[in-house]
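# Chains, contacts and geometry: an overview
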Amino acid sequence: MGCGKSSIGKLFCRISHCDFIDLDEEIERRRGQSVKEIFAEGGERLFRSLELETLKIVLDSHGDELRKTVLSLGGGTLTTPEAASIIGEKTVCIYLRANTDTLVDNLYKYPGERPMLGDSQSDMDSLRAKIEEMMARRSNIYESAADWTIDIDGKTYPDIAREIDAVIWLSGKGKGTKD
C-alpha cells in the first residue's frame, strides 16, 4: 500500500502493450460498492473473501492471455494463504519494496480511500506507526511470494516500469532481487 502499484502498473502496460487490471477496482465493479463500503458492511473478513473470489475469476477468465496482463493486487491480498498460493502458481509476482519513509510520504500526500489505515492517515506519526505495524506483519509474506523484488526508493515511476520490463523479459519466472 502506497508504493505506486497501480500507477506503475499502468505505465508498465503502456510500455509493454499489455492489459491492466486493478484487483480492488474489479472487486468494486463486481460488487457495486467501493472498498470502503465493503469494509463498512462486513469488515476485512468480507473484503478478503470477495478479494479471493475475484482473484480466482480474473485469473481463470484470462487463461492464455494472462501472460499479457498486469494484475495490481491490494496490499493485503497475499495475506490470504490461498490467494498467495494462487498467485505463486499462476503469475510472476513482483514486490515493489519501499522503505517506511517512502510509504508514509506517498500515503500522506495521496491518502485515497484506504480502510486498513483507518484514522491513522490524519497525522504523520499515526500513519508511520500503522505502516510499521503492517509491514512487520506483511514484509516476509511479500518477500516469500515474490518472484522478483524491486526496490523503488528514490526512483521515478518510468524508471521502475522500465526495470520491471527488463526483469520480466530477461527472467522468465525466477527468484531474484533487482536494486
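Residues numbered from 1 in each chain as written. Predicted model: local features only at pLDDT ≥ 70, side-chain atom pairs only at ≥ 80, totals over all residues. Heavy atoms only, no water.

## With respect to the nonpolar core
Core analysis: the largest hydrophobic core is formed by 44 residues, its most contacted members being Leu55 and Leu96. Looking at this core, the element that brings in the most residues is helix α3 (residues 35–62), giving eight residues. Setting aside chain neighbours within four positions, we find Leu96 in contact with Cys3, Lys5, Ile8, Ile150, Ile152, Ile160 and Ile164. (Core = buried A, V, L, I, M, F, W, Y, C linked by side-chain atoms within 4.5 Å. Buried < 20%, exposed > 50% of the residue type's maximum accessible area, 1.4 Å probe, protein only. Helix = DSSP H or I, 4+ residues; strand = E, 2+ residues; numbered from the N terminus. Contact = heavy atoms within 4.5 Å.)

## Re helix α6 (residues 124–145)
Taking 1.5 Å of rise per residue, 22 residues should cover 32 Å, and α6 covers 29 Å from first to last C-alpha, within 8% of that figure. Every buried residue belonging to α6 is among Leu127, Ile131, Met134, Met135, Arg138, Tyr142 and Ala145, and all of these are buried. The inward-facing, buried residues of α6 contact α3, β3 (94–97) and α5 (100–109). (Expected span 1.5 Å × (residues − 1).)

## Side note on the state of the cysteines
Under the criterion given, the structure shown has zero disulfides. Among the cysteines around Cys13, which has no disulfide bond, Cys18 carries the closest sulfur, lying 4.4 Å off. Exposure remark for Cys13: the relative accessible area of 6% places this residue in the buried category. (Disulfide = S-S within 2.5 Å.)

Just geometry here; none of it tells us what the structure is for.
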